[in-house]
Every structure is written in structure tokens, then in C-alpha cells.
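Observations on the three-dimensional arrangement
Now for the letters of each chain:
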Amino acid sequence: MALPALSSSGVKFRRVLAHFPQELSLAFAYGSGVFRQAGDSAGPGENNMLDFVFAVDDAVTWHMMNLTKNKSHYSFLKVLGPKQINSVQNYGAGIYYNTLVPCNGRIIKYGVISTDTLIDDLLHWKTLYVAGRLQKPVKILTQNENSKLQAALVSNLKSAVTAAFLMLPESFSEEDLYMQIAGLSYTGDFRMIVGEDRSKVQNIVEPNVPHFQKLYSNILQDCPQVVYKHHLGRLEANKSPEGQFAQLMSLPRTLQQKITSLVDPPGKNRDVEEILLQVAHDPDCGFVVHQGISRIVRSSSVVQSAKTILTAGVLGGKLVTTENTDPSGRNRPQQIQMSSTRKDSGWSHDLLNEIVPRLCGKRSKWA
């Protein structure tokens, strides 16, 4: 089954791609610059940042070519070269972002991820960072003939549906389902507490239900675990222990591991199947799944945000630029002035102490 293509014109987005090395296995645009969100009067705002993700087979070579074409896009890390940029990329969610880049009269942000890392996240939800973005509507701009990647994209959507079923009641609406799916990658994300608009998920889903239907209708129609009443916009899931056990057994590997670590007492080391069978009979099954997802997202969101200090700004008293979200859910640039004596919060400080010595081959001066 092919990943559904969204019908809106991608001309302006493909013009952006022309500025970058073309060795891409997948490129997509996402966010409020592509899809209307609640609070937008008509469509995606022309002043909203355009967000892109580029998947590449050889990240070192791609960064080398991009440094030749677009050196100004990079932070101070450009002086260290493509291999060290790739080293930073491999931390956390395995994606490297260049932010607030002027391009074709717009401001863009683009992330670079290796094809293998992307496939791993899609299949196993190792970080649920880019996989989570691909559970929501995106604009596919280019995709090569990598059948493993194509299968992983579809597998990720099926996994999102399964996880959502486990956390929803027996009967629910299509919009309830899409709200649950859209919220998966925000579950446990500390930015939803300290920075992002808490109505972000609702802002994403409400204006874009038809786009969610294009992504998920075939999966829902073919799913044996749910009765899909399309004409009513309602679904009824199998909430029997047997049905929930089948769903738990089909979840991505990392989520299964997080669930077992939540349930299995330390040192007991029971079989995963035995633990999931216990969870399937538990009235709090959905809550346990939610907690497992939260553990995946929390760690990746913290590390990825800490990487912003290296990838999106300059240390030592210069201006660091990040992205935030205004109350309507639209992305807006936000500038933060750092003093030369700034002390970072614990997680960012620790990450700098870990990464910088590896890049420079000596003790970090940030210690």
C-alpha cells in the first residue's frame, strides 16, 4: 500500500528543494506553513515558517555538498566540517536542524536525517521524533524507490492507529482518533509544558480532518480490530483482553520495551509476551501504553532541544535563534539574547559537556 499523496500544489516547496543537494531519499514539508491550523483565517499563513525534513542515504556527503552551497545556513559547527556535523546529528532523535534560513522570500527550517535512522524510527519508534511528524499530514515533495522506506512509512501509520485504539474507549469518533494520533509525538514532550501552546493538537486536527482521512481511511477499512462506520464518522474497537493483546503484540519494539519496563518488577525478567498479556487484562491498559509513549518522547525531546544550542545558535554571548509557537499554534521566530556568562539548564549543559569534547578532542570549556 502506497502512502497517500496530498493534493495541494507543491510548486513553491519544490522551488525550495532546488537550493539543496538533490541526493534525497525523501523530502517533505510540514507544519503551519503547509496546512491550515485553527486560528488561521483562510489557509497556511504566508508569514509562517516553512518546515522541511530531508532524508539522505549518506549524511556526511550530503552535509559536505550543502556546506559548499549553503555554508551560511550552519551555526559555528560549520568550521568543524561535515563529519562532526554528522556526529551531532546522530545524538538524540538523529536529525540535524538548520533554522531561520531565508529562502525564496520565506523563512525556512530544515532537518537532515539519515535514511536508515528514519526507517528505524518509523518501524520501532526509537525516538518517535520524525516518525511522529509523519503520523500527521505532510506534503511529500520527493521520494525515491526505496521499498524498505515505503513499507516503513505505512507501518508507522498502522502502529499509530494501534496505539491510539489502545488508549481510546470502545466507541469513539474519527476526530477523537485523529486527536489521539496527532498527540502521540507530544506525549511527554517537555516543550508542551514550558513552551508550546497546549491546544496545539486540537489546532492541528480540526481544520485538517480530510487530510487525516486520506492518510488513514484505507488502514481503518482493512483493520480487523475495529468496526469503521465511515458514513457516521464513528469507530468501535475490540477492547476484549484478546483484542488488546493482539494490538499490544503488534506495537513497535521500543514501545513494547518501555511498557515491559513499567510493569515488570526489577530483576524478574519475565517474557515480553507474558507481560503484554498481563497488560491486556489490566483496566489501565491504555494508561500504561500512554506512559510508555511518554518515556520515549520525553528523552528524545529533551536531547533534541538541547542540540539547538549547537545547531541553531552561536555560543559565547551571541544571538541564539529558536522557534516557538504563538497562542494560535502558528510558528514564529523568537530571539533569545545570551550573555557570555550564561549558564544553561542542567540537560543542555550536560549535553554540551558530552558532545563538545568529542567534536574538539579535548575537555569542554563549558564544564
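Summarised in this report is the structure supplied together with it. (Residues numbered from 1 in each chain as written. Predicted model: local features only at pLDDT ≥ 70, side-chain atom pairs only at ≥ 80, totals over all residues. Heavy atoms only, no water.)

**With respect to the overall build of the chain**
When helices and strands are tallied, the chain shows 15 helices and 10 strands. Taking all 367 residues of the chain together, 54% fall into the buried category. Counted over contacts in the chain with a minimum sequence separation of 6, partners at least 24 positions apart contribute 68%. Of the roughly 16300 Å² of accessible surface on the chain, a fraction of 51% belongs to carbon and sulfur atoms. (Helix = DSSP H or I, 4+ residues; strand = E, 2+ residues; numbered from the N terminus. Buried < 20%, exposed > 50% of the residue type's maximum accessible area, 1.4 Å probe, protein only. Contact = heavy atoms within 4.5 Å. Areas by Shrake-Rupley, 256 points an atom, 1.4 Å probe, with all protein chains shown as cover.)

**Structural notes on the sheet that holds strand S8 (residues 234-237)**
Judged by pairing direction, the sheet is antiparallel, and its 3 strands sit side by side in the order S6-S8-S7 without closing on themselves. Across the chains shown, the open sheet's two edge strands, defined by having one partner strand only, are strand S6 (171-173) and strand S7 (226-229). Pairwise comparison of adjacent strand axes, ignoring direction, gives a mean angle of 20° for this sheet. The pairing of S7 with S8 spans 4 bridges and is classified as antiparallel. Residue pairing for S8: Val227 is matched across the bridge by Glu236. In this fold helix H7 (residues 174-183) packs onto S6, S7 and S8, with an angle of close to 85° to the strand it touches most, S6. (Pairing = 2+ DSSP bridges. Axes fitted to C-alpha atoms, helices over the stretch in contact; angles between N-to-C directions.)

**Thoughts on the sheet that holds strand S3 (residues 95-103)**
On the basis of which strands lie adjacent, the open sheet formed by 5 strands has the order S3-S4-S2-S1-S5 and mixed pairing. For this open sheet the edge positions go to S3 and strand S5 (139-143), each flanked by a neighbour on one side alone. Strand-to-strand twist across the sheet, computed as the mean angle between neighbouring axes with direction ignored, equals 20°. Inspection of the sheet shows strand S1 (residues 26-30) paired to S5 by 4 bridges, in the antiparallel sense. Its bridge partner lying in S5, Leu26 is registered against Gln143.

**Let's talk about the environment of His290**
Within the element layout of this structure, His290 appears in helix H14 (residues 285-311). Spatially, the C-alpha atom of His290 lies 9.1 Å from that of Ile259, the residues being 31 residues apart in sequence. Residues contacting His290, with those up to four places away along its chain left out, are Met167 and Thr187.

**Brief notes about helix H12 (residues 253-263)**
Thr254, Leu255, Gln256, Ile259 and Thr260 are the residues of H12 that are buried. In this structure, the buried side of H12 is in contact with helix H4 (115-124), helix H11 (241-249), helix H13 (272-280) and H14.

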